Amino acid sequence: IEAKQYGIKTGMTVRDAKLLYPNLIVRTPNPALYRAVHLLFRRIFRDYSPDVTPKSIDEAVIDLTDTLCLFKGGVAGIATEIKRRFREEIGEWMRCSIGVGTNRFLAKLAASLHKPDGFDIIDHTNVLDVYNKLKLLDLNGINTRFQARLNAYGIFTPMEFYQAPLEKLHKQVFHSIVGYYFYLRLRG
C-alpha cells in the first residue's frame, strides 16, 4: 500500500521501483504466510456462502444469490462484517476492498473504485455514472493492446464502449466471441 503511493505497481522490477523511490525496502516473500492468510479469507467467506471462487491468492468471488436472505443488513451489512472480521481474526492491519455487482466484472470494477479499503456497489442505478468517471484501462480485462484496438474503431471511453453495438464489438473490434462477452459484461 505504501509503495503504491509512489507509483510502484505489482510486478514492477525492483530497478524500476527504485527509480520512483530510491529508499525502497524490498521484503523477502513468504509464500507459506500468504497461503495461510488466504485460507483464513476463505474460511470467513464461507460463513456467508458455500459458493466461494478464489480468483487469486488475495481475491475471491462470493456468490450470495442463495444466502443473502439469511443476513440482516443486506450486502452492506455483510461487507461491514467481513471487514471487521478480517481486522479481528487476521490482523488489525488487514484491509480489503469489496465490490458488489450483478456479475463478476462489475463486482471487480466496484472493488477497484476506492482501494485499499473501499466498498462499492455497481448496479443498474449507477453503472452509467461509474463508466462516465473511468478510463478504458480502468476496466478489468482491457490492456493497452485492447485499448488501441478500441481506439482504432472510435471507442475512447468506457461509456463509448458500453454504447457500441454488439455487431461492431464482435465482428469489427475483437473479431471474435470476446466482443460478445464484453458486451454482456458491461451490461451486468
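Now for a description of the structure that goes with this document. Given the structure is predicted, the values throughout are model-derived calculations rather than measurements.

**Considerations on the pattern of salt bridges**
For side chains bearing opposite charge, pairing can occur when the charged atoms are close.
Item 1. Scanning the entire structure with this criterion turns up eight salt bridges.
Item 2. Glu 59 is the partner of Lys 108 in a salt bridge, and the nearest nitrogen-oxygen pair spans 2.9 Å. Of this pair, Lys 108 sits in helix H4 (residues 104-112) while Glu 59 sits in strand S2 (residues 59-62); the two residues are 49 residues apart in sequence, bridging distant segments of the chain.
Item 3. Of the residues examined, Lys 108 reaches a relative accessible area of 31% and is grouped as partly exposed.
Item 4. Classification of Glu 59 by relative accessible area gives partly exposed; the value is 27%.
Item 5. Through salt bridges with shared partners, a single network forms among Arg 43, Asp 47, Arg 85 and Glu 89.

**Some details on the nonpolar core**
Item 1. Of all hydrophobic cores here, the largest spans 22 residues; its most connected members are Leu 139, Leu 150 and Phe 161.
Item 2. Put simply, the parts of the chain that give this core at least two residues each are H4, helix H5 (127-132), helix H6 (144-152), helix H8 (166-173) and helix H9 (177-186).
Item 3. The greatest single-element share of this core, amounting to four residues, is contributed by H4.
Item 4. Contacts of Phe 161, omitting those with residues within four sequence positions, involve Leu 136, Leu 139, Ile 142, Leu 150, Ile 155, Leu 169, Phe 174, Phe 182 and Leu 186.
Item 5. In this structure, Ala 79, Ile 82, Ile 90 and Cys 96 belong to the second largest nonpolar core, which totals 15 residues.

**Structural notes on the packing of helix H2 (residues 31-46) against helix H3 (residues 74-90)**
Item 1. Their axes nearest at 11 Å, the elements H2 and H3 cross at an angle of 140 degrees. In terms of their interaxial angle, H2 and H3 are classed as oblique. Like other packed secondary-structure pairs, H2 and H3 cross with a definite hand, here right-handed. Side by side, H2 and H3 meet where Val 37, Leu 40, Phe 41, Arg 43, Ile 44 and Phe 45 of the first sit next to Ile 82, Arg 85, Phe 86, Glu 89 and Ile 90 of the second.
Item 2. For the contact of H2 with H3, the per-class residue count stands at eight nonpolar, no polar and three charged.

Cut-offs used in this document
Residues numbered from 1 in each chain as written. Predicted model: local features only at pLDDT ≥ 70, side-chain atom pairs only at ≥ 80, totals over all residues. Heavy atoms only, no water. Salt bridge = Lys/Arg side-chain N within 4 Å of Asp/Glu carboxyl O. Helix = DSSP H or I, 4+ residues; strand = E, 2+ residues; numbered from the N terminus. Buried < 20%, exposed > 50% of the residue type's maximum accessible area, 1.4 Å probe, protein only. Core = buried A, V, L, I, M, F, W, Y, C linked by side-chain atoms within 4.5 Å. Contact = heavy atoms within 4.5 Å. Axes fitted to C-alpha atoms, helices over the stretch in contact; angles between N-to-C directions. Parallel < 35°, antiparallel > 145°, perpendicular 65-115°, else oblique. Left-handed = near helix turned anticlockwise from the far one by under 90°. Nonpolar A, V, L, I, M, F, W, Y, C, P; charged D, E, K, R; others polar.

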